[in-house]
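For reference, the chains in residue letters:
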Amino acid sequence: MKPDPSVLLRRRIVNYCMLVLFTVAIVISIGALTAILWKLSFSGLQAFSPDVFLKSTPAPGSSGGLLNAILGSVILIVTAMVAAIPLGVLAGTYLAEYGRTSKLGDVIRFCNDILLSAPSIIIGLFIYGIIVLPSKHFSGWAGAASLCLIAIPVIVRTSEDMLRLVPDSLREAGVALGCPYWKMIVKIGWRSARPGIMTGILLALARISGETAPLLFTSLNNQFSTLNMNVPIASLPIVIFQFAMSPYKDWQNLAWAGAFLITITVLGLSIFARQMLSTKRRP
Amino acid sequence: MSTSMETMAGPVGIVNNGRVPETGKADFPLPSGIRFEKPFRILTRLSAILIISMMAGIFILLALESVPVFHKFGFSFITSSSWNPVSNKFGALASIVGTLTTSFIAVLFGVPLALGSALFLNELCPFKLRSTLSTMIELLAAIPSIIYGMWGLFVMVPIMSHFIQPAMIKHLGHIPYVGVLFQGPPFGIGTLTAGLILSVMILPFIASVSLQAFATVPASLREAAYGTGANVWEVCRNILIPFTKTSLIGAIMLGLGRALGETMAVTFVIGNAHRLSVSLLAPGTTISATLANEFAEAFGDTYIASLLALGLVLFVITFVILMITRLLLLYDKRRIPI
């Protein structure tokens, strides 16, 4: 049977149109990334100077930098990670080792999945309710706590997934030699899943580095450098938010410098994390 | 594996269920470090239970704090759109409608872009470019939301107000029925701009879940289709998409869930106006933008409680969407990605 030429032509035209649309879609997607990075490097580098790292945030009209914001961000992030890493890895260990098939494990996995994608501003509200409201003032601790709660689900998920990739035969070999279960987990599980767990930690770090919403009403902002976690503390994202929304040109420029700094950090971290997972042997 | 790991607890169970015998002395040497077994297990379990308590804590706290609001305003908290801190009257309708509208626009534009990109990467892309391009799309997800907001405010808003919105008002504004969506002055900021930025933000999530789903389509199915003379589009439409249907819907729901809760990007460009307007070009607000803009400066118990009640509404909406997402993805043995 000879195919009808008009059907063939129609199929070809439809196919051609769809292929063009696919290409347009990817061009727009990649174009958006390029446009964002382009504007960011252009405006960010223009506003960049050593002052950014050396001076504190200025009043409108005078010159200054982002020192207090950078310092505040580092303190908040380090505090959050110090708490989130052990909690996250231990919870992930429970899910992958002890609670693999238990009901409790299923419930926890469900909650973790929801928290992973839940709006971060809700986490901020929660911390506001349990820390800021009772203590009656905004504080660095509250900011660190909200970042910690955002980092934990990411670490739990990656730790569990990576530990699950460790073959059970390795575990059995360990316990068959008389190793207590916890020692097997530490010496065999954690050790062989280490690159994966590290990836999760880096991803969590990247995630909380740019997080703004939960800090708005937990750590608030501070014009001065402080190491005191009991008072409001400045952070890079909040300063960017405040400065970018302001009508002052020099504040907006500083916001671009800060935005550039954050994006470089976050993209660097997540590229590094991905690299680590792909080059180092997965467990 | 049918029995739980916990009851098996490995060969440790051989030695008196992991406990040191009560006499204090075993008649054979115990494995070294056996006394840490129980503390370690309890520690991991407590950390895991912390996750449940976080989740429950959020629900309980938001619910408790918003009881007075629902007591005072009743159902009108959700159905009224007057949000007036001065006269202490709070109705969340404008925020809720704004949240749903921006998310709808985001899905409307984001899904075709994401699916188109995923299909391009899966079927058309030269092999050498593939990993580079898919990494670039994933990087879109890594860019912090505040950066999208700034870029939106300083780049998108001028473009919208000078070129796109005037053109829309001129060409679409007088079409019957649809026209009302595109009327009013071209501010640049507003619901449409927020929705467009959200569509770029949710695109990488949808694209990466779809790509993973496409990778599970058996090669023999695709090859059979190509072998019988199907062209690329026919393979996509008749093989790839039907085969991965559940995951694709899950991916779209995931994108929707992200769009609903997105805060900073929207706050920059939505205009924060508690007004219900039919026009997509008018400034509006969303639940998260209201919280971000007003919470730190809120005064008075009713105001703060109303904002917390708003948070509860947002959490319930995203919770339901994410639950559906999870069910759909688990159906294909996949999980919500990070």
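All values derive from a computational prediction rather than experimental measurement.

Structural notes on the overall build of chain B
And then number 1: The helix and strand tally for chain B stands at 13 helices and two strands.
And then number 2: Relative to its length of 338 residues, chain B is extended, with a C-alpha radius of gyration of 26 Å against a globular reference of 20 Å.
And then number 3: With the C-alpha coordinates aligned to their principal axes, the bounding extent of chain B is approximately 90 × 70 × 35 Å.
And then number 4: Within chain B, the fraction of its 338 residues that count as buried is 46%.
And then number 5: Counted over contacts in chain B with a minimum sequence separation of 6, partners at least 24 positions apart contribute 73%.

Quick notes on the overall build of chain A
And then number 1: Helix and strand counts for chain A stand at 11 helices and zero strands.
And then number 2: Helices (α) and strands (β) of chain A occur, in sequence order from the N terminus, as α-α-α-α-α-α-α-α-α-α-α.
And then number 3: For 283 residues, the compact-globule estimate of 2.2 N^0.38 gives 19 Å, and the C-alpha radius of gyration of chain A, at 24 Å, exceeds that figure by more than 25%.
And then number 4: In terms of overall dimensions, chain A has a C-alpha envelope of 75 × 75 × 35 Å along the principal axes.
And then number 5: Out of the 283 residues belonging to chain A, those deemed buried represent 52%.

Quick notes on the packing of helix α5 (residues 120-135) of chain A against helix α6 (residues 140-164) of chain A
All names here are of chain A.
And then number 1: It is the contact of α5 with α6, at a shortest axis distance of 9 Å, that shows an interaxial angle of 135 degrees. With respect to their mutual orientation, α5 and α6 come out oblique. Where α5 crosses over α6, the two elements pack in a sense that is right-handed. Contacts from Ser-120, Ile-123, Gly-124, Ile-127, Ile-131 and Val-132 of α5 reach α6 at Trp-141, Ala-142, Ala-145, Ser-146, Leu-149 and Ile-150.

Some thoughts on unusual backbone geometry
Residue and element names in this part refer to chain B.
And then number 1: The phi dihedral of Asn-272 falls on the positive side, at around 45 degrees, and the residue is not glycine.
And then number 2: Relative to the elements of secondary structure, Asn-272 occurs in the loop between α11 (264-270) and α12 (287-294).
And then number 3: By the C-beta count within 10 Å, which is 18 here, Asn-272 ends up partly exposed.

Comments concerning the confidence of the model for chain B
Residues and elements named next belong to chain B.
And then number 1: Residues of chain B with pLDDT of at least 70 account for 92%, and the chain-wide mean is 89.
And then number 2: When pLDDT is averaged over each element of chain B, helix α4 (residues 93-124) comes out on top at 96 and helix α1 (residues 5-8) at the bottom at 44.
And then number 3: Low confidence marks residues 1-18, where pLDDT is under 50. Its contacts with residues over four positions away, or in another chain, come to 28 contacts.

What to know about the packing of helix α1 (residues 5-46) of chain A against helix α5 (residues 127-142) of chain B
And then number 1: The contact between α1 of chain A and α5 of chain B brings their axes to 9 Å, and the two run at 55 degrees. Between α1 of chain A and α5 of chain B, the angle is such that the two are oblique. For the pair α1 of chain A and α5 of chain B, the crossing hand works out as left-handed. Contacts from Ile-26, Ser-29, Ile-30, Ala-32 and Leu-33 of chain A in α1 of chain A reach Leu-133, Met-136, Ile-137, Leu-139 and Leu-140 of chain B in α5 of chain B.
And then number 2: Residue composition of the contact of α1 of chain A with α5 of chain B, grouped by class: nine nonpolar, one polar and no charged.

Let's talk about the nonpolar core
And then number 1: The biggest cluster of nonpolar side chains holds 187 residues, and the ones touching the most others in it are Ala-80, Ala-84, Ala-151 and Ile-155 of chain A together with Ile-197, Ile-206 and Val-269 of chain B.
And then number 2: Among the elements that line this core, the one with the most residues is helix α3 (residues 67-98) of chain A, at 17 residues.
And then number 3: Setting aside residues up to four positions removed in sequence, Ala-80 of chain A forms contacts with Ala-144, Leu-147, Cys-148, Ala-151 and Ile-208 of chain A.
And then number 4: Formed by five residues, the second largest nonpolar core is a distinct cluster that contains Cys-179, Trp-182, Met-184 and Ile-185 of chain A.

Quick notes on the interface of chain A and chain B
And then number 1: Chain A puts 79 residues into the contact, and the matching count from chain B is 79 residues.
And then number 2: At 18 residues, α1 of chain A tops the list of elements feeding residues into the side of chain A that touches chain B.
And then number 3: Class assignment for the residues of the side of chain A that touches chain B results in 56 nonpolar, 16 polar and seven charged.

A few points about α3 of chain A
And then number 1: Taking 1.5 Å per residue, 32 residues should reach 46 Å; α3 of chain A reaches 45 Å between its end C-alpha atoms and fits that length.
And then number 2: The largest bend along α3 of chain A reaches roughly 30 degrees and is located at Ala-84 of chain A, with the proline Pro-86 of chain A sitting one to four residues downstream.

Section: the environment of Lys-72 of chain B
Residues and elements named next belong to chain B.
And then number 1: Summarising the element assignment, Lys-72 is placed in helix α2 (residues 37-73).
And then number 2: Residue classification places Lys-72 among the partly exposed residues on the basis of 15 C-beta atoms within 10 Å.
And then number 3: Taking the C-alpha atoms as reference, Lys-72 lies 42 Å from Ala-142; in sequence the two are 70 residues apart.

Notes on helix α10 (residues 245-261) of chain B
And then number 1: The first and last C-alpha atoms of α10 of chain B sit 25 Å apart over 17 residues, in line with the 24 Å expected at 1.5 Å per residue.
And then number 2: Counting buried positions along α10 of chain B yields 14 of 17 residues, so the element is predominantly enclosed.

Reading the values: rules and limits
- Residues numbered from 1 in each chain as written.
- Chains lettered and ligands numbered in written order.
- Predicted model: local features only at pLDDT ≥ 70, side-chain atom pairs only at ≥ 80, totals over all residues.
- Helix = DSSP H or I, 4+ residues; strand = E, 2+ residues; numbered from the N terminus.
- Rg over C-alpha atoms; globule rule 2.2 N^0.38 Å.
- Buried ≥ 20, exposed ≤ 12 C-beta atoms within 10 Å, placed from the backbone.
- Contact = placed C-beta atoms within 7 Å.
- Axes fitted to C-alpha atoms, helices over the stretch in contact; angles between N-to-C directions.
- Parallel < 35°, antiparallel > 145°, perpendicular 65-115°, else oblique.
- Left-handed = near helix turned anticlockwise from the far one by under 90°.
- pLDDT = per-residue confidence, 0-100.
- Nonpolar A, V, L, I, M, F, W, Y, C, P; charged D, E, K, R; others polar.
- Core = buried A, V, L, I, M, F, W, Y, C linked by C-beta atoms within 7 Å.
- Expected span 1.5 Å × (residues − 1).
- Bend = angle between axes of the 7 residues up to and from the residue.

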